[in-house]
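Below, each chain spelled out in residue letters.
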2 protein chains.
Amino acid sequence: MATEKKQQKFPEIQGGGSLMIAWQVRGKNVLVVGGGEVAAGRIVHLLNADAVVTVVCPSSGLNPEVAHRVSSSQVTHINRPFTPSDLDSQDWSMVLVAVDDPAASTLIWKLCKERRIPANIADVPPECDFYFGSVHRDGPLQIMVSTNGKGPRLASMIRRFIAKQLPKNAGRAIETIGELRVKLREIAPNPEEGPKRMSWMKEVSDKYSWEEMCEMSEEDMHNLLKFYGPAKVPAFDDLRGMRAGAADIDKLDVFDGSFGFCVGA
Amino acid sequence: MATEKKQQKFPEIQGGGSLMIAWQVRGKNVLVVGGGEVAAGRIVHLLNADAVVTVVCPSSGLNPEVAHRVSSSQVTHINRPFTPSDLDSQDWSMVLVAVDDPAASTLIWKLCKERRIPANIADVPPECDFYFGSVHRDGPLQIMVSTNGKGPRLASMIRRFIAKQLPKNAGRAIETIGELRVKLREIAPNPEEGPKRMSWMKEVSDKYSWEEMCEMSEEDMHNLLKFYGPAKVPAFDDLRGMRAGAADIDKLDVFDGSFGFCVGA
């Protein structure tokens, strides 16, 4: 009988995609060259990510939205066309170009590459370190749809489709889990408890439905955290039963006799 | 009567997010430091984006999946721990670190920043130029779900939820639109026709449902392109009717008398 090598199951590689990432620009300087409609869209993405944005473009070239961002001081404005020295005036974390001037665009791309500044030249895929997609936003939840340049209109169609399908308050459920994690670290700050914290949070995520997660109140969280000590996770109905002292927590049979730690919050 | 300034409707800024981008690493060198489970996941993301991946990690530290990537030559392997000179041995487009050694991680982060190499130190948010999310992939379609670090488990829950909701063949519909755009450029390559091409493609995207887009065959596309000349878009039922010469295309009333260009494909 021939030896048969056991086939291991690892994810199959499917090339041709992009590396989808959530870039961190909070408090970092980003230069936007141009002030038209495309620039306006880029600026929204950047401000939603708390970037410090500078727009270089003659005032006459600003569309109403970009002009509004300037007049309301959401961005800094340099009222003239781009000059190469702009790239050296600050430590730019990123440069986005959206001007109708292929020669100028290519020059800026080359200057950025010499300085190792990540850059995106709108509508010129070979002169882009990264592309943008269509983004759904709901609080801490961000969903980006990319068609890898094959159908930008389909990307926003799919984004709208997803937005409609998502449970209401999906963003809220994520906030809740985030808050629970923070509170848990407050009552159990010991680094050595990392694995216990992680496995308890995993159990919480697994046990409750999305709808339940959305419904969870401050009071529910406070009660839920009492179960971390004995490493239990009550049914959501039990949490409901504990509201406003409706049930005596110590009588719930999810607890065994070993329960005896104090919530520090 | 007091002058009332007309309120302009521009997208409201909702800070606290990330800049969601599709990073281009095709053919670029990426260094992965570490060979455990997290590294294995990073490597899949990188290979799916056609990056040229080098893994630096002693063989003893490779998990079965990373060992498989090495033995099948999907990645280059440097069989020893990381040393700073690794950063200068190639023009790294990106460095991803996933080792259980906070001091080494921080050192690599600092060295990357000195060299302006974008980097991600797993599980150390302040030492990350970017985060990863949970990614759904279907051909050219990529959907990333990020909870901005608040709930990684929820991110993959939401990603699975979205995958289930999406129409079957969503990726295929995008391929179809992409192919149609390429074929259109073949039969109407004149740059001056850009606006006509764009407005026709927009009409196609608007007119057909997703299901119709998924159903579109090579033959349908061939027939559809005949309508570009007169700048019309037939109902999808008309395209169905034209299959295998079932209808005489010239008798369809979507055409007026001016139709008379030749498909070059």
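Because the structure is a prediction, the values reported are computed rather than measured.

> Lay out the overall build of chain A in plain terms, naming residues and giving numbers.
What chain A contains, in helices and strands, is nine helices and nine strands. Across the 265 residues in chain A, those meeting the buried criterion constitute 48%. Looking at chain A alone, contacts between residues at least 24 apart form 55% of all its contacts between residues at least 6 apart.

> Could you give me a rundown of the pattern of salt bridges, with the residues and numbers involved?
Under the defined criterion, the tally for this structure stands at 34 salt bridges over all chains. The shortest N-O distance in the salt bridge between A:Asp91 and B:Arg116 comes to 3.1 Å. Highlighted residues: A:Asp91 in the loop between strand 4 (76-78) and strand 5 (94-97) and B:Arg116 in the loop between helix 3 (102-114) and strand 6 (119-121), drawn from two different chains. Between B:Glu114 and B:Arg115 there is a salt bridge, and its shortest N-O distance comes to 3.8 Å. When salt bridges with common partners are traced through the structure, they connect A:Glu215, A:Asp220, A:Asp237, A:Arg240 and A:Arg243 into a single cluster.

> Describe the interface of chain B and chain A, with residues and values.
Chain B puts 79 residues into the contact, and the matching count from chain A is 79 residues. The contact between chain B and chain A buries some 7200 Å² in all, and 60% of this surface belongs to carbon and sulfur atoms. Here chain B is connected to chain A by eight salt bridges. Measuring nitrogen to oxygen at the nearest pair gives 3.2 Å for the salt bridge that ties B:Lys150 to A:Glu175. Between the two partners, chain B and chain A, sit 44 residue pairs in polar contact (both at pLDDT 80 or more). In terms of residue count, the dominant contributor to the side of chain B that touches chain A is helix 4 (residues 152-165) of chain B (eight residues). The class makeup of the residues in the side of chain B that touches chain A is 41 nonpolar, 20 polar and 18 charged. When strand 1 (residues 19-23) of chain A meets strand 7 (residues 130-132) of chain B, the two strands line up antiparallel, connected through three bridges. Residue pairing for strand 7 of chain B: A:Ala22 is matched across the bridge by B:Tyr131.

> Explain the UniProt feature "domain: Siroheme synthase central" (unreviewed entry) in chain A to me, using residue names and the numbers behind them.
Following the UniProt record, the feature "domain: Siroheme synthase central" (unreviewed entry) maps to residues 138-165 of chain A here. Taken end to end, residues 138-165 of chain A is 50% helix and 25% strand, and its first and last C-alpha atoms sit 13 Å apart.

> Which residues make up the environment of A:Ile121, and what are the values?
Residues and elements named next belong to chain A. Note that Ile121 resides in strand 6 (residues 119-121). Each C-alpha atom of the pair Ile121 and Leu96 lies 6.2 Å from the other, and the pair is 25 residues apart in sequence. Beyond its immediate stretch of four places on either side in the chain, Ile121 contacts Val97, Ser105, Trp109, Glu127 and Cys128.

> Quick one: what's the story with the sheet that holds strand 6 of chain B, residue by residue and with numbers?
Residue and element names in this part refer to chain B. Sheet architecture is open: five strands sit in the order 4-3-2-5-6, paired in parallel fashion. Here the strands that pair on one side only, and so sit at the sheet edges, are strand 4 (76-78) and strand 6. Geometrically, the sheet is characterised by an average inter-axis angle of 15 degrees between neighbouring strands, direction not taken into account. Bridging between strand 2 (residues 29-33) and strand 5 (residues 94-97) involves four bridges; their strand directions are parallel. Opposite Val32, over in strand 5, you have Leu96 as the bridge partner.

> So, the side chain of A:Asp220: which residues are in play, and what are the values?
Structurally, A:Asp220 is set in helix 8 (residues 218-225). Non-local contacts of A:Asp220, meaning those with residues more than four positions away in its chain, are made with A:Glu215, A:Phe236, A:Leu239 and A:Arg243.

> Requested: an account of unusual backbone geometry, with residues and values cited.
Non-glycine residue A:Asn169 carries a positive phi angle of around 70 degrees. By relative accessible area, A:Asn169 is classed as partly exposed at 46%. Of note, the phi angle at B:Arg116 is positive, near 55 degrees, even though the residue is not glycine. For B:Arg116, a relative accessible area of 32% puts it in the partly exposed group.

> Tell me about the pairing of strand 8 (residues 134-138) of chain B, and name the residues and values.
Residue and element names in this part refer to chain B. Pairing geometry for strand 8 and strand 9 (residues 141-146), over five bridges, is antiparallel. Bridge assignment links Asp138 to a residue of strand 9, and that residue is Leu141. The turn joining strand 8 and strand 9, which pair antiparallel and follow one another in sequence, is formed by two residues; a positive phi near 60 degrees is taken by Gly139.

> Break down the relation of the copies chain B and chain A for me, citing the residues and quoting the values.
Superposing chain B onto chain A requires a rotation of 180 degrees together with a translation of 0.1 Å along the rotation axis, leaving an RMSD of 0.1 Å. The symmetry that links the two subunits is that of a two-fold axis. Of the residues that chain B buries at the interface, 100% are likewise interface residues in chain A, meaning the two copies contact each other through the same surface.

Rules of the game
Residues numbered from 1 in each chain as written. Chains lettered and ligands numbered in written order. Predicted model: local features only at pLDDT ≥ 70, side-chain atom pairs only at ≥ 80, totals over all residues. Heavy atoms only, no water. Helix = DSSP H or I, 4+ residues; strand = E, 2+ residues; numbered from the N terminus. Buried < 20%, exposed > 50% of the residue type's maximum accessible area, 1.4 Å probe, protein only. Contact = heavy atoms within 4.5 Å. Salt bridge = Lys/Arg side-chain N within 4 Å of Asp/Glu carboxyl O. Buried area = accessible area lost by both parts, 1.4 Å probe. Polar contact = N/O pair within 3.5 Å; in protein donor to acceptor, adjacent residues only side chain to side chain. Nonpolar A, V, L, I, M, F, W, Y, C, P; charged D, E, K, R; others polar. Pairing = 2+ DSSP bridges. UniProt positions renumbered as here; feature names shortened; annotations may be inferred. Axes fitted to C-alpha atoms, helices over the stretch in contact; angles between N-to-C directions. Least-squares fit on C-alpha atoms with pLDDT ≥ 70 in both.

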